[in-house]
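As a plain string of letters, each chain reads:
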Amino acid sequence: MRPAKRKCGTSGFESNEETILKKVKNMTKLRKQKPAKDNSNEKQQQEEYHCWLMKSEPESRIEKGIDMKFGIEDLMAQPNQTACWDGVRNYQARNFMRTMKIGQRAFFYHSNCKEPGIAGIVKIVKEAYADHTQFDEKNPHFDSYSSQDNPRWSMVDVQFIRRLKRYISLSELKKLHLNHKTSEGPLKNMALFTRARLSVQPLTQEEFDFIVSLEDET
């Protein structure tokens, strides 16, 4: 029989059987835990933003039988070149969308593809409202904890404005960001690198204007 295992931080001993029982109880508790706390009632951000970067996938990826692809060409093909920006399932990204105002500009960013980068510019044409995909059990973005009376997730409508004169890649932006960190340039704190995982990110007006100026460079 294996010797009893010493319990850290105590002077006593704990049997293997007792250890196993505790592990099972802890696992049961974890399974019953609710999703992460919704902090939507807390102050969402210190600074008011007017420009954004919004990520979407331009290449096909099937999830639960649904193609998640939605590139800038797909937006351009929509009626009035307008579509809802659904499927955001991160509280901070959602909170950013809830602060968006009609007329604000955003970069349409191609993500999860061979060469990620900024493809064009869109504008917000409808402010945040309930994301219908959270209620659809067949949709990859279904949320069983959400309800019609208390929806957890929001979306906005965006409209295509134009493509950039050239595609501005992530690799180009990263080089500028690293350079600007030492030279105090406009992209030194760009959220694309400081909050990389967010699918909806804020931009300062200075960051937005500087990136637009890059399209004239060869």
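Everything below is about the structure shown above.
Residues numbered from 1 in each chain as written. Predicted model: local features only at pLDDT ≥ 70, side-chain atom pairs only at ≥ 80, totals over all residues. Heavy atoms only, no water.

Asks: Teacher, can you tell me more about helix α6 (residues 205–214) here?
Replies: Given 3.6 residues per helical turn, the α-helix brings residues three or four places apart onto the same face. For α6, the set of buried residues is Glu-207, Phe-208, Ile-211, Val-212 and Leu-214. For α6, the arc enclosing every buried residue in end-on projection is 150°, short of the 170-degree limit, so these residues lie on one face. Contact partners of the buried residues in α6: β3 (51–56), β7 (105–110), β8 (117–130), β9 (154–169), α4 (170–183) and β10 (200–203). (Buried < 20%, exposed > 50% of the residue type's maximum accessible area, 1.4 Å probe, protein only. Helix = DSSP H or I, 4+ residues; strand = E, 2+ residues; numbered from the N terminus. Arc of directions from axis to C-beta. Contact = heavy atoms within 4.5 Å.)

Asks: Whenever I open this one, the pattern of salt bridges confuses me. Can you help?
Replies: Once their charged atoms are close, side chains differing in charge can pair, the charge on each being opposite to the other. Enumeration over the complete set of coordinates arrives at nine salt bridges. Residues Glu-63 and Arg-61 are paired through a salt bridge, measuring 2.8 Å at the closest nitrogen-oxygen approach. Look at Glu-63 and you get partly exposed, because its relative accessible area is 29%. Of the residues examined, Arg-61 reaches a relative accessible area of 31% and is grouped as partly exposed. The shortest N-O distance in the salt bridge between Lys-165 and Asp-216 comes to 2.8 Å. Taken as a pair, Lys-165 in strand β9 and Asp-216 in the segment after α6 lie far apart in primary sequence, 51 residues in all. Comparing Lys-165 with Asp-216 shows no difference in burial state: the two are exposed. (Salt bridge = Lys/Arg side-chain N within 4 Å of Asp/Glu carboxyl O.)

Asks: Even after reading the chapter, I still don't get the environment of Trp-85, so can you show me in this structure?
Replies: Locating Trp-85 in the fold gives a position in strand β6 (residues 82–85). Note: C-alpha distance between Trp-85 and Val-156 (71 residues apart in sequence) is 5.5 Å. Once residues lying within four places of it in the same chain are set aside, the contact partners of Trp-85 are Met-54, Lys-55, Ser-56, Met-97, Phe-108, Met-155, Val-156, Val-158 and Val-200.

Asks: Any chance you could explain the packing of α4 against α6 here in plain terms?
Replies: For any two helices packed against each other, one specifies the inter-axial angle together with the distance between the axes. Two elements in contact, α4 and α6, have axes separated by 13 Å at closest approach and are oriented at 125°. The angle between α4 and α6 places the two elements in the oblique class. Here α4 runs over α6; the crossing is right-handed. Residues Glu-172, Leu-173, Leu-176 and His-180 of α4 form the contact with α6, whose participating residues are Phe-210, Ile-211 and Leu-214. Residue composition of the contact of α4 with α6, grouped by class: five nonpolar, one polar and one charged. (Axes fitted to C-alpha atoms, helices over the stretch in contact; angles between N-to-C directions. Parallel < 35°, antiparallel > 145°, perpendicular 65-115°, else oblique. Left-handed = near helix turned anticlockwise from the far one by under 90°. Nonpolar A, V, L, I, M, F, W, Y, C, P; charged D, E, K, R; others polar.)

Asks: Explain the pairing of β9 to me, please; I cannot follow it from the model alone.
Replies: Each regular strand shows side chains that alternate between the opposite faces of the sheet. The pairing of β6 with β9 spans four bridges and is antiparallel. Counted as the bridge partner of Ala-83 is Val-158 from β9. As paired elements, β8 and β9 share ten bridges and run antiparallel to each other. Opposite Ile-118, over in β9, you have Ile-168 as the bridge partner. (Pairing = 2+ DSSP bridges.)

Asks: So what exactly am I meant to see when it comes to helix α3 (residues 91–99) here?
Replies: Among all positions in α3, only Tyr-91, Ala-93, Arg-94, Asn-95, Phe-96 and Met-97 are buried. Buried residues along α3 sit in contact with β3, β6, β8, β9 and β10. Where α3 begins, one side-chain oxygen reaches toward the backbone nitrogen of Gln-92, 2.9 Å away; that side chain belongs to Asn-90. (Polar contact = N/O pair within 3.5 Å; in protein donor to acceptor, adjacent residues only side chain to side chain.)

Asks: Looking at this model, I keep getting lost on the environment of Glu-215. Mind explaining?
Replies: Relative to the elements of secondary structure, Glu-215 occurs in the segment after α6. Along the sequence, Glu-215 and Arg-166 sit 49 residues apart, while their C-alpha atoms lie 5.5 Å from each other. In this view, Glu-215 contacts Arg-162, Leu-164, Lys-165, Arg-166 and Ile-168; residues no more than four positions away in its chain are not counted. A polar contact of 2.8 Å, which involves the side chain of Glu-215, links it to the side chain of Arg-162.

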